[in-house]
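# Structure at a glance
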Amino acid sequence: PIEQVSSGTMDQIYLALRMAVARLMQGENEPLPLIFDDSFVLYDDERLRTVLKWLPTAYSGQILVFTCHEREMRVLKEEGAAVHEVRL
């Protein structure tokens, strides 16, 4: 039962569903931007690194990550990702 999985696993399932819906919605058109607002809070460090490395290879459109945590930017910089950081 879904109630028996961890919150991190549930978030990964939700991410897979979001990616599938985004692909269905865009069809052959220009990719829509993906927006993540503190979507990775419950990910452990290994899951976070894996998903942040995987996202740009799985999705060709713009990816926006909003967070109040430092670790997402730290991981992106460590992985050499092309990012534009805006701090508010």
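Relevant structure appears above.
First, a word on what this report is: a plain description of the structure on this page. (Residues numbered from 1 in each chain as written. Predicted model: local features only at pLDDT ≥ 70, side-chain atom pairs only at ≥ 80, totals over all residues. Heavy atoms only, no water.)

### Thoughts on the overall build of the protein
Test applied: Segments assigned H or I by DSSP are reported as helices when at least four residues long, segments assigned E as strands when at least two residues long, and all are numbered from the N terminus. Three exposure classes are used, based on accessible area relative to the maximum for each residue type with a 1.4 Å probe and protein chains only: buried under 20%, partly exposed in between, and exposed over 50%. Pairs of residues are marked as contacts when any of their non-hydrogen atoms sit within 4.5 Å. In these tables, accessible area is a Shrake-Rupley quantity obtained with a 1.4 Å probe, and a residue counts as shielded only by the protein chains included in the view. The convention is simple: Lys and Arg are positive, Asp and Glu are negative, and His and the chain ends are not counted. One atom stands in for each charge, and that atom is NZ of Lys, CZ of Arg, CG of Asp or CD of Glu.
Within the protein one finds three helices and two strands. Counting the 88 residues in the protein, one finds 25% classified as buried. Sequence-distant contacts in the protein: of pairs separated by 6 or more residues, those separated by 24 or more amount to 70%. Per element, the accessible surface of the protein, about 6,400 Å² overall, is 56% carbon and sulfur. Taken together, the 9 basic and 14 acidic charged side chains of the protein have centroids lying 4 Å from each other.

### Side note on the environment of Ala-58
Positionally, Ala-58 belongs in helix α2 (residues 45-58). What makes Ala-58 buried here is its relative accessible area of 12%. Placed 39 residues apart in sequence, Ala-58 and Met-19 show a C-alpha to C-alpha distance of 8.6 Å. In contact with Ala-58, other than residues within four places in its own chain, are Met-19 and Arg-23.

### Structural notes on the side chain of Ser-39
How we decide: Polar contact criterion, stated in full: a pair of N or O atoms within 3.5 Å, where within protein one must be able to donate a hydrogen and the other to accept it, and residues adjacent in sequence count only if both atoms are side-chain atoms.
Checked against the element boundaries, Ser-39 lands in the loop between β1 (34-37) and α2. Within polar-contact distance, the side chain of Ser-39 engages the side chain of Arg-18 at 3.3 Å. Beyond its immediate sequence surroundings of up to four residues, Ser-39 is in contact with Asp-11 and Arg-18.

### Notes on the environment of Asp-37
Turning to its location among the elements, Asp-37 is positioned in strand β1. By relative accessible area, Asp-37 is classed as exposed at 58%. For the pair Asp-37 and Val-75, spaced 38 residues apart in sequence, the C-alpha to C-alpha distance is 17 Å.

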